[in-house]
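Here is how the chains run, residue by residue.
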Amino acid sequence: MTREELKNVIKNIVEDNGCELYDIEETTEGEHKYFRVYITKPGGVNLNDCTAINNLISPIFDVEDPVDGKYFLEVSSPGVERKLTKSEHFEKSIGENVKVTLNDGTKIKGQLKSFVDNIAEIGKEKVNFEDIKKAKTYVDWNTYKFD
């Protein structure tokens, strides 16, 4: 199975369980390899969502290893403060606070007002998606009100 076919299988499993595939990440941390599947849904993802999807993906990975060698499969929410790596991530994060580092090292922080034609409007700045080195959402905990 190709990488794209595997991604489509994962996407279908996630969607069949009422969630949306946010991203897939393969990473190594120390001596351990991880294959992470990030999912979202309106109202938030819960442990039951993650467990159900993990239990459906795991047997497929027994046959179609996504990573060479030993690895851990994790299914989770991308979190409140999450990476923005794709244009779709920006489109779905309009109205949220973002931190962006550009390829030239410039840092921009503010509310993502719009994302049209690969141009992100952050506060008073307009940034081309191609010029973004890394980005993530953030919560201003100083203004957050706890009930």
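Treat the numbers as computed from the prediction; the structure is a model and nothing was measured.

S.K.: Looking at this model, I keep getting lost on the sheet that holds strand S4 (residues 97–102). Mind explaining?
M.R.: Backbone-to-backbone hydrogen bonds join strands into a sheet, with any given pair of strands oriented parallel or antiparallel. As summarised here, the arrangement of the five strands in space is S7-S6-S5-S4-S8, forming an open sheet in which the pairing is antiparallel. The strands lining the two open edges of the sheet, one partner per strand, are strand S7 (125–128) and strand S8 (132–138). Taking the axes of each pair of neighbouring strands and ignoring which way they run, one obtains an average angle of 45° across the sheet. For S4 and strand S5 (residues 107–116), the ladder comprises five bridges, and the chain directions are antiparallel. The residue of S5 that forms the bridge with Val98 is Gly110.

S.K.: Which parts of the structure should I look at to understand the pairing of strand S6 (residues 119–122)?
M.R.: Along any regular strand the residues' side chains alternate between the sheet's two faces. Along S6, the buried face is formed by Ala120 and Ile122; none of Ile119 and Glu121, which line the opposite face, is buried. For S5 and S6, the ladder comprises four bridges, and the chain directions are antiparallel. Bridge pairing in S6 places Leu112 opposite Ile122. Where S5 hands over to S6, the hairpin turn is made up of two residues, of which Asp117 adopts a positive phi near 55°.

S.K.: Where do I start with the environment of Asn142 in this structure?
M.R.: Among the structural elements, Asn142 can be located in the segment after S8. Taking the C-alpha atoms as reference points, Asn142 and Pro66, 76 residues apart in sequence, are found 41 Å from one another.

S.K.: Where do I start with the packing of aromatic side chains in this structure?
M.R.: Geometry of an aromatic ring pair is reported as the spacing of the ring centres plus the angle between the planes. All chains considered together, the criterion is met by six aromatic pairs. A ring pair is formed by Phe115 and Phe129, whose centres lie 6.1 Å apart and whose planes are at 85°; its orientation type is edge-to-face. Pair noted here: Phe115 is in strand S5 and Phe129 is in the loop between S7 and S8, with a separation of 14 residues, a long-range link. Residue classification places Phe115 among the buried positions, given a relative accessible area of 7%. Taken together, the aromatic side chains of Phe35, Phe61 and Tyr71 make up a single cluster linked through ring pairs.

S.K.: How do you make sense of the pairing of strand S1 (residues 20–29) when you look at a structure like this?
M.R.: Where S1 and strand S2 (residues 32–40) come together, nine bridges link them in antiparallel fashion. In the strand pairing of S2, Leu21 is matched with Ile39. In textbook terms, the turn of a hairpin is the stretch between consecutive antiparallel strands, and for S1 and S2 this stretch comprises two residues, one of which, Gly30, has a positive phi near 65°.

S.K.: For this particular structure, what's the right way to read the UniProt feature "domain: Ribosome maturation factor RimP N-terminal" (unreviewed entry) in the protein?
M.R.: In the numbering used here, UniProt assigns the "domain: Ribosome maturation factor RimP N-terminal" (unreviewed entry) feature to residues 10–81. Counted over residues 10–81, helix gives 33% and strand 33%. Its end C-alpha atoms are 23 Å apart.

S.K.: What's the story with the side chain of Thr137 in this structure? I'm lost.
M.R.: Of note, Thr137 is situated in strand S8. Here Thr137 falls in the buried class, since its relative accessible area comes to 0%. From its side chain, Thr137 meets the backbone oxygen of Val80 in a polar contact 2.8 Å long. Separated by 2.9 Å, the side chain of Thr137 and the backbone nitrogen of Arg82 make a polar contact. Residues within four places of Thr137 in sequence aside, it is in contact with Val80, Glu81, Arg82, Leu84, Ser93, Glu96, Asn97 and Val98.

S.K.: What's the story with the pattern of salt bridges in this structure? I'm lost.
M.R.: Pairing between side chains becomes possible if they bear opposite charge and their charged atoms approach one another. Scanning the model with the defined rule gives ten salt bridges in all. Salt-bridge contacts for Arg36 lead to Glu25; the nearest nitrogen and oxygen are separated by 3.5 Å. Residue Arg36 is found in strand S2, and its partner Glu25 is found in strand S1; the two are separated by eleven residues along the sequence. Between Glu29 and Arg36 there is a salt bridge, with its nearest N and O atoms 2.9 Å apart.

Definitions and cut-offs
- Residues numbered from 1 in each chain as written.
- Predicted model: local features only at pLDDT ≥ 70, side-chain atom pairs only at ≥ 80, totals over all residues.
- Heavy atoms only, no water.
- Pairing = 2+ DSSP bridges.
- Helix = DSSP H or I, 4+ residues; strand = E, 2+ residues; numbered from the N terminus.
- Axes fitted to C-alpha atoms, helices over the stretch in contact; angles between N-to-C directions.
- Buried < 20%, exposed > 50% of the residue type's maximum accessible area, 1.4 Å probe, protein only.
- Phe/Tyr/Trp six-rings, centres within 6.5 Å; stacked < 30°, edge-to-face > 60°.
- UniProt positions renumbered as here; feature names shortened; annotations may be inferred.
- Polar contact = N/O pair within 3.5 Å; in protein donor to acceptor, adjacent residues only side chain to side chain.
- Contact = heavy atoms within 4.5 Å.
- Salt bridge = Lys/Arg side-chain N within 4 Å of Asp/Glu carboxyl O.

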